[in-house]
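Examination of the molecular architecture
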Amino acid sequence: MPSILEIKPETDAVSETPVLIDGFHLFLNALKLNDIDTIFGLPGIPITDLLRMAQAEGMRVISFRHEQHAGNAAAAAGFLSAKPGICMTVSAPGFLNGLTALANATTNCFPMILISGSSEREIVDLQQGDYEEMDQLAIAKPLCKAAFRVLRAQDIGVGIARAIRAAVSGRPGGVYLDLPAKLFSQTLPLDAGLNSLIKVVDPAPSQLPGPDSVARALNLLKNAKRPLILLGKGAAYARADADIRALVEKTGIPYLPMSMAKGLLPDTHELSAAATRSFVLQEADVVLVIGARLNWLLSHGKGKTWGQEKGPKKFIQIDIAPTEIDSNVAIDAPLVGDIGSCVSALLTGIGGDWAKPSADWTGAIAERKAKNFGKMAATLAARPTPMSFQSALSVVKEIVKDNPEAIVVSEGANTLDFARSIVDMYLPRKRLDVGTWGIMGIGMGFAVAGAVVTGQQVIAIEGDSAFGFSGMEVETLCRYHLPVCIVVFNNNGIYKGTDQNTSGGNDLAPTVFVKNARYEMMMQAFGGVGVYVTTTDELHTAMVEAIASGKPTLINAAIDETAGTESGRITNLNPAKALKK
Ligand code: FYN
Ligand code: ADP
Ligand code: MG
């Protein structure tokens, strides 16, 4: 007997006898028709059977312990695969738990679809108190790119097609799809049902920049004295890796990667200016921004960070979203289109007579880089007891160098900030982190997605506080036997472990945790490997073993509890700091 999902109306003799297809199977068929083969979610009313059926029909169903992490996994899967990642949740509370991930995906421009079961419209709309009653569509709408509800089985195909297209076309983002419980048990004649499904053609069409805008951008770039290229995670998402590298190398223009653009070109590339970030942002006269927003992470393109007192800069910005242009500062040469098409148009326009930037500019950068590398090397070589962030990260740096295919997940404050500058990335889309919001809690969801989507080893560099947000998902890692090595940078608290309660009361300060907590036992509890380490040698051995075995491993690395600054490198954002200014 063929599975109902395999039945094609035009070929099947069974269609001579009337056969019905239900909402469950129409839904699964619609996903499969669009090459979606994985669902991240958490079962419960009304989607338990749907997830069972999905698995029975050969889809990969990854079941989590909390919807937020399933949602984060879907978002990261979207970034890693350029297909919408799917997260499925139950109604009201499960739906709400998924919303942070949906909003974060939208903020990060990651394509995902949050699909939640919901209560019956006629009861919800009259507010008659249904099981888990909530007007989910209305609540989701402001948090995503688009939100749809499907009420009739014959509209499932259209609903999924619209959700896919909304998630991946133009600027990618989060989409919400509301499926009331009753939809799943509706039936249609098999032929009519299957014929109602849509295979989305060209879901993320190219968008070519206008020739005028290309000429304007090239003209500005050609006349630059101290040009700089800024690469954001949009550039990583765009999968124009070879052309972006060619643009940098052909023009000889130094570049700065935003954190998730690290590895688009190897961080060790001679044109990387990451090790002298402040200098190049201040001194550049023309900046070509590719797939990055001039938001808080870039000091809104102005002020001291950008050396505003030295005169205005000229900006060229490549983005697929026209409304991104001029969002913070005037953009002299907007290049609206998809990054692949825009970069390729620039490359075509850069003839053989291109003059590379002057040695004054590149030499000044090289000199500062060398100085900063020297300083960094000294901190990395030190072997203090207990370990510092830097000494522990020097081990992670070596391990990532030896395993460039590994996906690196990173969150925390100091852990995140130190890891960003210390751990070099060598390949595109290998780094997943806290993104545009600087959100904590992405760790285990992103780690699961990294392993499931790519099949590669994952190395999760986690602050002890950050890890706590998604820590229960170590059970998920063990259940699916995922090759994830978590290193918890344990300094006994948020920022550091030495804050005092100044009230004289007995409670610990709000930023302080239980001292010397044994996080590794959480992994042991579910059959994974847990190791407690206090030296860099022990950390190195544990990481090598984790990667060789491919077993879920949690390494609890004891870090000096006095190490760490308030909010890492974004201390300036604390309101009390502003008060003191
Ligand atoms: C970088 N640097 C290096 C190297 N790489 N020195 C030597 N060797 C290497 N390889 C230098 C770099 O030039 C900078 O010095 C400094 O190290 C830091 O580099 P980074 O990390 O690139 O720059 P910075 O200023 O921290 O970047 C700003 C930022 C970043 C806002 C983009 O901080 C960021 O992404 N923050 C996210 C924070 C976050 O989301 N936190 C979560 C919430 S935590 P200078 O050139 O001297 O400046 C809640 O509390
Ligand atoms: P970062 O945080 O790394 O600076 P952002 O998330 O702020 O990066 O910016 C990413 C930008 O890339 C967004 O403005 C988004 O519209 C844009 N973008 C995403 N994908 C593409 C694409 N394929 N082509 C062009 N622009 C894109
Ligand atoms: Mg900590």
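Focus on helix H2 (residues 48-56)
- Residues Leu50, Leu51 and Ala54 constitute the buried set of H2. Viewed end-on, H2 has its buried residues packed into an arc of 95 degrees, placing them on one side of the element. Structural note: H2 exposes Arg52, Gln55 and Ala56 on the side pointing more than 90 degrees away from its buried face.
- Where H2 is buried, its residues meet helix H1 (23-33), strand E2 (38-41), strand E3 (60-63), strand E4 (85-89) and helix H8 (181-185).
- Where H2 ends, the next residue or the one after it, glycine 58, has phi of about 95 degrees, a positive value.

Describing the sheet that holds strand E10 (residues 255-257)
- One open sheet accounts for 5 strands, arranged E10-E9-E11-E12-E13; its pairing is parallel. Strand pairing shows two members of the sheet lacking a second neighbour, E10 and strand E13 (333-336), which therefore form its edges. Across the sheet, the axes of successive neighbouring strands diverge by a mean angle of 15 degrees, strand direction being ignored.
- Where strand E9 (residues 227-231) lies against strand E11 (residues 286-290), 5 bridges are found, and the strand directions are parallel. Residue pairing across strands places proline 227 opposite valine 286, the latter belonging to E11.
- Sheet contacts for helix H14 (residues 339-349): E11, strand E12 (314-319) and E13; angle to E12, the most-contacted strand, approximately 130 degrees.

Brief notes about helix H22 (residues 536-549)
- Across its 14 residues, H22 extends 20 Å between first and last C-alpha, which sits within 8% of the 20 Å expected from 1.5 Å per residue.
- Along H22, the residues classified as buried are Thr536, Leu539, Ala542, Met543, Ala546 and Ile547. Angular distribution of buried residues about the axis of H22 spans 125 degrees; they occupy a single face of the element. Turned more than 90 degrees away from the buried face of H22, the exposed residues are Asp537, Glu545 and Ala548.
- Buried positions along H22 lie against helix H16 (389-402), strand E16 (458-463), strand E17 (484-490), strand E18 (529-533) and strand E19 (553-558).
- Positioned one or two residues after H22, glycine 550 has a phi angle of 70 degrees, which is positive.

Conventions we followed
- Position numbers for residues start from 1 in each chain and track the written sequence from start to end.
- Written order determines the labels here, with chains lettered from A and ligands numbered from 1.
- With the structure being a predicted model, the display of local features is reserved for residues of pLDDT at least 70 and the display and counting of side-chain atom pairs for 80 or more, all residues being used for whole-chain, interface and lining totals.
- Side-chain descriptors were evaluated using all non-hydrogen atoms of the structure, hydrogens and water having been removed beforehand.
- Any residue under 20% of the maximum accessible area for its type is buried, any over 50% is exposed, and the rest in between are partly exposed; the area is computed with a 1.4 Å probe on protein chains only.
- Runs of E in the DSSP output that reach at least two residues are strands. Runs of H or I that reach at least four are helices, and both are numbered from the N terminus.
- The arc in question is formed by the directions pointing from the helix axis toward the C-beta atoms.
- Only heavy atoms enter the contact rule, under which two residues are in contact if any of them lie within 4.5 Å.
- Paired strands, in this sense, are two strands between which DSSP finds at least two bridges.
- With axes taken as lines fitted to C-alpha atoms, and helix axes fitted only over the stretch in contact, angles between N-to-C directions fall between 0 and 180 degrees.
- To estimate how far a helix should extend, the number of its residues minus one is multiplied by 1.5 Å.

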